[in-house]
Structures are given as structure tokens and as C-alpha cells.
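An overview of the molecular structure
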Amino acid sequence: MRRILFDSLMRRPLTEEAPVKDEQMLAELGASVARVARRRLGRSLSIREVDAGSCNGCELEIHALNNAFYDLERFGLHFVASPRHADVLLVTGPVTRNMREALERTYNATPDPKWVVAVGDCAVDGGIFSGSYAVIGGVSGVVPVDLHIRGCPPQPTQLLKGLLTLLEA
Amino acid sequence: MAGASLDTAARLAGRTSGDSTVAYALAFAHAVEAAMEVEVPPRAIYLRALMAELERLANHFGDIGAICNDASFALMHAQCGILREKTLRAAQSCFGHRLMMDAVVPGGVARDLGPSCVTEVAALLEEIRHLFPQLVELYDNTASLQDRTATTGVLRGELARQFGAGGYVGRASGRAFDARKMPGYAPYDRLDFEVPVFEAGDVNARVWVRIREVEQSLALIDQISRGLPAGAIRVAIDPADEVREGLGVAEAFRGDVLVWLRLEGGGVARCHLRDPSWFQWPLLEAAIEGNIVADFPLCNKSFNCSYSGHDL
């Protein structure tokens with residue numbers, strides 16, 4: 001263990017440069033984020049991940065945000081285990097009938113001010129699963145959405161870009 | 001999926017459980033090819049196996065790290081996370097997608113390798129071969145970690161056999177089944193590899209199955225890179241109007257994925273995708289019996305059953 005720790009000390013960090021913020025996402029967001037909230041929360045944001053029925057592909061890439069290459073916490077963003085502690089809900093998947101109520105209750109359990117970020121193509125409108133008897137559709141049909149991050153699944157850099165955009169808005 | 005075209009159905013199959021997208025797309029393709037009695041070009045068969053083994057590597061790295069993380073051993077998690085990320089990046093550069101979604105299609109594969117890919121994969125293997133043995137040594141020599149994984153969450157071999165559990169859950173409890181060997185499919189019949197089996201059935205054994213499988217996958221990728229045939233990567237499949245049925249299987253990192261389908265009128269009439277987790281979730285309940293609450297995350301992570309693949 002000491003050898004690995006020592007090697008890590010001597011190596012250059014793997015962590016990548018912060019991506020620039022996405023202007024298109026910023027425009028989508030501009031309308032929905034109040035400046036007051038920004039001042040009240042400062043930079044630090046707590047994120048609660050909600051899987052509303054995804055294939056878990058998006059979760060894999062969200063998990064990757066915590067690895068040494070993307071290191072989400074350096075931006076003051078971190079994942080929490082309860083919506084009660086969250087400022088941001090990161091929602092993935094088409095919303096399935098079984099998860100609709102859970103998503104609504106999670107939203108209601110999150111204290112104001114709060115933002116909802118819908119992650120992945122399915123979260124936009126149900127994506128490839130839309131029309132299924134088990135699926136309601138996109139996240140915005142159930143709770144208000146402030147930002148969409150598209151992709152199937154979006155790459156960690158795209159997720160990072162979206163979240164930083166949220167932070168800067 | 002009922003009524004979907006072959007293309008859409010293949011994309012849906014690849015999104016049954018995102019972590020096993022290659023295995024699902026492969027099992028689905030096997031089923032379609034069985035139904036239509038189609039021969040897939042040899043190059044495509046090898047490329048499929050390359051993707052399947054990269055997927056297995058990425059997931060096993062993720063799991064080994066995550067299991068140790070649940071015992072608060074963050075160093076392993078961070079180091080395994082680096083190996084996982086590097087594997088995904090190699091997949092991105094070779095197949096155009098980090099998880100290799102939609103790369104396996106009925107009739108072959110969607111994209112061929114770029115010219116630099118064989119060297120890139122070789123570089124990835126070299127890096128893994130340099131770092132991974134150190135991590136294995138670390139796992140094996142850390143008593144506080146072993147204390148958490150050894151004799152924890154024991155699944156009896158008898159139960160594993162009774163439920164027909166595949167993957168690391170079965171193989172850590174003495175059940176040697178691996179779909180790549182039995183019934184077996186190309187190109188694994190031409191490749192040399194072993195199926196590691198342990199008898200203890202505890203969290204530790206499930207970690208060791210993964211460790212040994214990483215080593216086997218590395219050896220397999222070597223053989224695949226060396227033996228990669230030239231030629232076409234896809235044959236066109238024209239679903240006829242007649243009714244056809246097919247059954248396909250593929251070994252995902254967590255066990256055997258089985259797909260049955262009926263083709264009718266140029267599309268998929270009915271389809272069933274059976275995740276390996278169907279035979280593993282019930283066993284988790286048996287494995288946690290008598291364990292302390294703090295060990296539940298370890299037991300759960302060592303099973304790593306699919307949520308989306310199971311609750312369709």
C-alpha cells in the first residue's frame with residue numbers, strides 16, 4: 001500500500017482540466033435560476049441522484065465523475081444520500097410508472113431552492129423507451145426540469161460541463 | 001419491443017442493463033442469427049469477443065474497487081477506478097462509445113477498428129498488467145480488508161446449483177458454468193482460457209473470481225488481437241415474411257444472458273431477455289442471513305445484481 005501511495009505522490013495528477021461551460025445549456029438555464037439562490041448557496045452544491053427507470057448506463061457515467069480523472073468534488077459538487085440534504089436532483093431514465101410517485105416524493109422532500117437536472121436522452125422524452133406501456137415519458141412531465149444533459153449516456157465531460165454551467169449561472 | 005424493427009429492437013436489447021450492453025446486444029444478435037440461419041463474418045466474431053472482454057474488464061475493475069470501498073478501503077476504489085476509466089477510454093477510441101453501445105448488431109458489428117486500435121489495446125493491456133498485480137497483492141495482504149470479506153455472505157454451493165446461478169455468484173460457490181464454454185460460441189471455441197472456480201462462496205471468493213477473470217480476459221484479448229481475421233464485418237439480414245424463432249446466449253460479466261425471440265413480418269413479434277440476476281437476487285437473501293448489518297453493502301456489491309435487467 002505504501003508503494004502505491006508513494007507512486008501516486010510522485011506522479012502528475014490524472015485529473016483533467018475543467019471543461020468550459022456550455023453556452024447552449026447556459027441559455028436554457030438562464031431563465032430558471034435565480035441569482036438570489038446562487039448567493040445563498042455559494043458554490044457548493046449537494047446532488048442527489050434519482051434513477052427514475054434508466055438502464056443504469058447514465059449511472060455508470062455519473063459514477064465516473066468521482067474517479068481520479070474527473071474529480072467532481074474539486075468544484076464543490078458532491079453526492080449525498082438523501083434528498084433532504086440536496087440542492088440538485090440529478091434524474092436519469094425515462095420515468096416509469098413504478099417510479100413516478102417515488103420521483104414526485106423525492107422532489108417534494110428536497111428543500112428549496114432546488115434544481116432538477118435531467119440526464120440522458122431517455123430523461124428528455126422517454127427516448128428509445130417512449131411509447132412503452134411501462135413508461136410515462138420524460139422527467140419534465142413529472143417534475144419541473146431546469147437543465148437537460150443529453151447523450152446515451154452523456155460522457156462524464158458532458159455531465160461535468162452541464163453541472164458547471166448550473167453552478168456558474 | 002413487440003412490433004419493433006430489428007434495428008430498434010437491437011438498440012433496446014442493448015439498453016436492458018447498461019453495464020452489460022455488449023453482452024445483451026450479442027445475445028440478441030445470436031438469437032436473430034439463429035432464427036435467420038445467418039453466418040457472421042469471422043472478423044465480426046473476433047471484434048465482438050474483443051468488445052465483450054473489454055466490457056468484462058471494465059465491470060470487474062469497477063466491482064473489485066467498489067467492494068473494497070464498501071469496507072472503507074478507498075485506495076483500491078480509486079486505483080481500480082483508474083483502470084476502469086482507461087478501459088472505457090480505449091473502448092471509446094476503438095469502437096466510438098465508452099460502453100460500446102450499439103456496436104454489436106445482428107449480422108456482425110457496426111464499426112470496424114481504426115488503424116491504431118491494436119496498438120492502443122496492447123498499451124492498455126500493458127498498463128493493466130503493470131498495475132493490477134500490485135492491487136491484487138494489496139488486496140491479498142491487507143488483513144483488515146480480508147477480515148471483512150473472508151467468511152462474509154456465504155452462499156452454499158447447493159443453493160447456487162439449485163437456482164442455476166451463473167457468473168461470479170455461481171463460480172464462487174463451486175458452479176463452473178460459463179456460457180462461453182457451454183453451450184459455447186465462436187470465437188471462444190478457438191481460444192484458450194480457463195473458467196476460475198472457487199468453493200468458499202463468500203465475498204472474498206466472489207472477489208477472487210473477478211480477479212482471476214480479469215487475468216483470463218487479458219489473455220483472451222491477446223489471443224483475439226493476434227488472431228484477428230481480415231474481411232467483412234457485417235452481413236445484411238433481411239427478415240423474411242415467414243415466422244422464425246431463435247434463441248441466443250452470451251456470457252456477460254455477471255453471468256449468462258439469454259434471449260428468445262420470434263420474428264414476424266420483418267420485425268420482432270415477441271422477445272424475452274433473461275438477465276443473469278433473475279437467479280442471483282433470490283440468493284442474495286440467503287447469503288446475507290446471519291451477517292451483521294454493516295456487511296450488507298459488501299454482500300450486495302459482491303453480487304452486484306442488475307436492477308434494470310431484472311425489473312423489466
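Residues numbered from 1 in each chain as written. Chains lettered and ligands numbered in written order. Predicted model: local features only at pLDDT ≥ 70, side-chain atom pairs only at ≥ 80, totals over all residues.

Let's talk about the overall build of chain B
What counts, and what does not: Counting from the N terminus, the helices are the DSSP runs of H or I reaching at least four residues and the strands are the DSSP runs of E reaching at least two. In this setup the radius of gyration rests on C-alpha atoms only. A globule is expected at 2.2 Å times the number of residues raised to 0.38. Residue burial is a threshold on neighbouring C-beta atoms within 10 Å of the residue's own C-beta, all placed from the backbone, with 20 or more meaning buried, 12 or fewer meaning exposed, and counts in between meaning partly exposed.
Each helix and strand in chain B was counted, giving twelve helices and five strands. Taken over the C-alpha trace, chain B has a radius of gyration of 19 Å; the compact-globule value for 312 residues is 20 Å, and the two agree within 12%. On the principal axes, the C-alpha backbone points of chain B span a range of 60 × 40 × 25 Å. Sorting the 312 residues of chain B into buried and exposed places 54% on the buried side.

Notes on the interface of chain B and chain A
For the record, the criterion: Here contacts are defined at the residue level, using C-beta atoms placed from the backbone and a cut-off of 7 Å between them. Each residue gets one of three labels, nonpolar for Ala, Val, Leu, Ile, Met, Phe, Trp, Tyr, Cys and Pro, charged for Asp, Glu, Lys and Arg, and polar for the others, Gly among them.
Counting from both sides, the interface comprises 22 residues of chain B and, opposite them, 16 residues of chain A. No other element matches helix α4 (residues 74-95) of chain B, which puts six residues into the side of chain B that touches chain A. Classifying every residue of the side of chain B that touches chain A gives eight nonpolar, nine polar and five charged.

Quick look at the sheet that holds strand β3 (residues 244-252) of chain B
Residue and element names in this part refer to chain B. What counts is decided by this rule: Between any two strands, pairing holds if DSSP finds at least two bridges. Structural elements are reduced to axes, namely lines fitted to C-alpha atoms, with helices fitted over the stretch in contact, and the angle between N-to-C directions of any two is expressed from 0 to 180 degrees.
Strand order in the open sheet formed by three strands is β3-β4-β5, with antiparallel pairing between adjacent strands. Either end of the sheet is taken by a strand with one partner, and the two such strands are β3 and β5 (267-274). Neighbour-to-neighbour, the strand axes of the sheet open up by a mean angle of 20°, direction not taken into account. Bridge count for strand β4 (residues 255-264) against β5 is seven bridges, and the pairing is antiparallel.

Things to note about the pairing of β4 of chain B
Residue and element names in this part refer to chain B. When you tally the buried positions in β4, you get seven out of ten residues, the bulk of the element. Strand direction decides the pairing type here: β3 and β4, joined by nine bridges, are antiparallel. Within β4, the position partnered with alanine 252 by the bridge is glycine 255. The hairpin formed by β3 and β4 contains two residues between the paired strands. Between β4 and β5, which pair antiparallel in sequence order, lie two residues; one of them, glycine 265, sits at a positive phi of approximately 55°.

Details of the environment of glycine 141 of chain A
Residues and elements named next belong to chain A. Looking at where glycine 141 falls in the secondary structure, it is placed in the loop between β6 (135-137) and β7 (147-149). When the 13 C-beta atoms within 10 Å are taken as the criterion, glycine 141 is described as partly exposed. As a C-alpha pair, glycine 141 and aspartate 121 span 20 residues in sequence and 14 Å in three-dimensional space.

Section: the packing of α4 of chain B against helix α5 (residues 117-141) of chain B
Residues and elements named next belong to chain B. Selection criterion: For classification purposes, angles smaller than 35 degrees are called roughly parallel, those larger than 145 roughly antiparallel, those between 65 and 115 roughly perpendicular, and all remaining angles oblique. Here a crossing is called left-handed whenever its near helix is offset anticlockwise from the far helix by less than a right angle, and right-handed whenever the offset is clockwise.
Packing of α4 against α5 brings their axes to within 10 Å, and their N-to-C directions diverge by 170°. Classified by the angle between their axes, α4 and α5 sit roughly antiparallel to one another. Along this stretch, α4 crosses α5, giving a crossing that reads as left-handed. Between α4 and α5, the contacting residues are Met76, Gln79, Cys80, Leu83, Lys86, Thr87, Ala90, Ser93 and Cys94 on the first element and Cys117, Glu120, Val121, Leu124, Glu127, Ile128, Leu131, Phe132, Leu135, Leu138 and Tyr139 on the second. The residue makeup of the contact of α4 with α5, split by class, is 14 nonpolar, three polar and three charged.

Points about helix α11 (residues 281-288) of chain B
All names here are of chain B. Definition in use: The directions considered for the arc run from the helix axis to the C-beta atoms.
Turning to α11, its buried residues are Leu283, Ala287 and Ile288. Take α11 and look down its axis: the buried residues cluster within an arc of 135°, on one side only. Contacts made by the buried residues of α11 are with α7 (157-163), α8 (167-171) and α12 (296-303). One or two steps after α11, the chain reaches glycine 290, where phi turns positive at roughly 85°.

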